[in-house]
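Fold and geometry: a report
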Amino acid sequence: MAHNIPDSPQTSTPAAPRTALGLLCLDFDGTLVDSLHPSDHSVHPSLVQLIGQLREQGVLWVINTGRTLEGLKIGLEIAALPFAPDYVITEETSLLVASSDHPEGWDALGDWNLQRDQAFRSLLAESGHIFDEIRTFVARETSAQYLVRSNGLDEIIANSEAEMEQICHRIEEVRHAHGAHPLGYQRNTVYLRFGHQGYQKGSTLARLGSYLGIPADRTFAAGDNLNDLPMLDPEVAAYLACPGNSHPLVRETVRRHGGYLAQSHTGAGLAEALRFFGFGG
Ligand SMILES: [Mg+2]
């Protein structure tokens, strides 16, 4: 969903980058491509050119998305980029490296995905009563759909962002009533998928950085929606940006951390942000 809330003009001036960029992390829908117009899923040419330049300088590129690997592959095929990302993070938590040896073309990087699976299993084994509480609340107090998934990581589809806000508020109350329980969730507009507090876009990007030996102060991250908030954090990436179509809470977060709020939407906005920080063209 696009939010065209005007921002006061960015007053800080572009400067030479403080450190050389090492890792470029971009969300896919609404950030790299315009997911509201899937028939035109191309990436803005100025961004393609900038990413190409940065790759030639040795910068590594990761797409960090809520999509499944299959969904991302379809999106990338439509986007028809002249190069592929070096890494992808799918479903916000699966860390994958490009691999010509693997039949899928992508292979798990390190033991992060196994650790996540173990953490999810433990969480599910001890959280049945918490899921029950939340499911009862959704059924009684809202008209949202609660979808039980075979892997236990259930989903909720609300009828409005306000309704999803109400549900998230309740989830937080339940979590805190159970001693800051590690149950987490990924939220994107009216959709929510349960997960683990320790496994989201931010922690997964941080793990990639640590595998690569690239610290937060050499990492750029950009996203447009609520599931991007964990990576729009200076602890994870020193260079933060969001395109002009970002959710108001994303804009507020990026502004609070001194990041760049682009005026242009999606890819054009990211090109604007990369230039602002002095990276490329
Ligand atoms: Mg997005």
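Residues numbered from 1 in each chain as written. Predicted model: local features only at pLDDT ≥ 70, side-chain atom pairs only at ≥ 80, totals over all residues. Heavy atoms only, no water.

**Details of the pattern of salt bridges**
Where charged atoms from two side chains of opposite charge approach closely, those side chains can pair. For the structure shown, the criterion picks out 14 salt bridges. For the salt bridge of Asp-27 with Lys-201, the shortest nitrogen-to-oxygen distance reads 3.0 Å. Highlighted residues: Asp-27 in the loop between strand S1 (23-26) and helix H1 (45-56) and Lys-201 in helix H6 (residues 201-212), separated in sequence by 174 residues. As far as the burial class goes, Asp-27 and Lys-201 line up, both buried. A salt bridge links Asp-111 to Arg-207; the nearest nitrogen and oxygen atoms lie 3.7 Å apart. Remark: Arg-207 occurs in helix H6 and Asp-111 occurs in the loop between strand S5 (106-108) and helix H3 (112-125); sequence separation between them is 96 residues. (Salt bridge = Lys/Arg side-chain N within 4 Å of Asp/Glu carboxyl O. Helix = DSSP H or I, 4+ residues; strand = E, 2+ residues; numbered from the N terminus. Buried < 20%, exposed > 50% of the residue type's maximum accessible area, 1.4 Å probe, protein only.)

**Some words on the sheet that holds strand S9 (residues 191-196)**
One open sheet holds the 4 strands; their spatial order is S6-S7-S9-S8, and the pairing between them is antiparallel. Looking at the sheet topology across the chains shown, the edges are occupied by strand S6 (145-147) and strand S8 (183-188). Across this sheet, the average inter-strand angle for adjacent strands is 25°, counted without regard to direction. Note that S8 and S9 share 6 bridges and pair antiparallel. Looking at the pairing, Asn-188 lines up with Tyr-191 of S9. Lying on the sheet, helix H5 (residues 161-177) is in contact with strand S7 (155-157), S8 and S9; it crosses S8 at an angle near 170°. (Pairing = 2+ DSSP bridges. Axes fitted to C-alpha atoms, helices over the stretch in contact; angles between N-to-C directions. Contact = heavy atoms within 4.5 Å.)

**Comments concerning the packing of aromatic side chains**
In this structure the tally under the stated criterion is 11 aromatic pairs. Aromatic pair Tyr-239 and Phe-279: ring centres 4.9 Å apart, planes at 85°, arrangement edge-to-face. One end of the pair, Tyr-239, is in strand S11 (residues 239-242); the other, Phe-279, is in the segment after helix H8 (266-276), with 40 residues separating them in the sequence. An aromatic cluster is present here, built from Phe-220, Tyr-239, Tyr-260, Phe-276, Phe-277 and Phe-279 joined pairwise through their rings. (Phe/Tyr/Trp six-rings, centres within 6.5 Å; stacked < 30°, edge-to-face > 60°.)

**Looking at the domain arrangement of the protein**
Split into domains, the protein comes out as domain 1 (23-92 + 200-276) and domain 2 (115-196). Between domain 1 and domain 2 we count 1 salt bridge in total. Here domain 1 is connected to domain 2 by 5 residue pairs in polar contact (both at pLDDT 80 or more). Partitioned by chemical class, the residues of the side of domain 1 that touches domain 2 number 1 nonpolar, 5 polar and 3 charged. (Domains from an automatic or database assignment. Polar contact = N/O pair within 3.5 Å; in protein donor to acceptor, adjacent residues only side chain to side chain. Nonpolar A, V, L, I, M, F, W, Y, C, P; charged D, E, K, R; others polar.)

**Let's talk about the nonpolar core**
Membership of the largest hydrophobic core comes to 37 residues, with the highest contact counts inside it found for Leu-24, Leu-26, Leu-32, Trp-61 and Phe-220. With residues near it in sequence (within four places) discarded, Leu-24 still touches Ile-51, Leu-54, Val-59, Leu-60, Trp-61, Val-62, Phe-220 and Leu-274. Counting 25 residues, the second largest nonpolar core, distinct from the first, contains Leu-23, Leu-95, Leu-153 and Val-236. (Core = buried A, V, L, I, M, F, W, Y, C linked by side-chain atoms within 4.5 Å.)

**Things to note about the coordination of the magnesium ion**
Donor atoms from the polypeptide that bind the magnesium ion are Asp-27 (OD), Asp-29 (O) and Asp-224 (OD), placed at 2.2 Å. Counting the intervening residues between successive donors of the magnesium ion yields the motif D-x1-D-x194-D. Note that Asp-29 is positioned in the loop between S1 and H1 and Asp-224 in the loop between strand S10 (219-222) and S11, a separation of 195 residues in sequence. Residue Asp-29 is classed as partly exposed on the basis of its relative accessible area, which comes to 22%. Judged by relative accessible area, Asp-224 falls into the buried class, the value being 6%. (Donors = N, O, S within 2.8 Å, 3.2 Å for Na, K, Ca; no water.)

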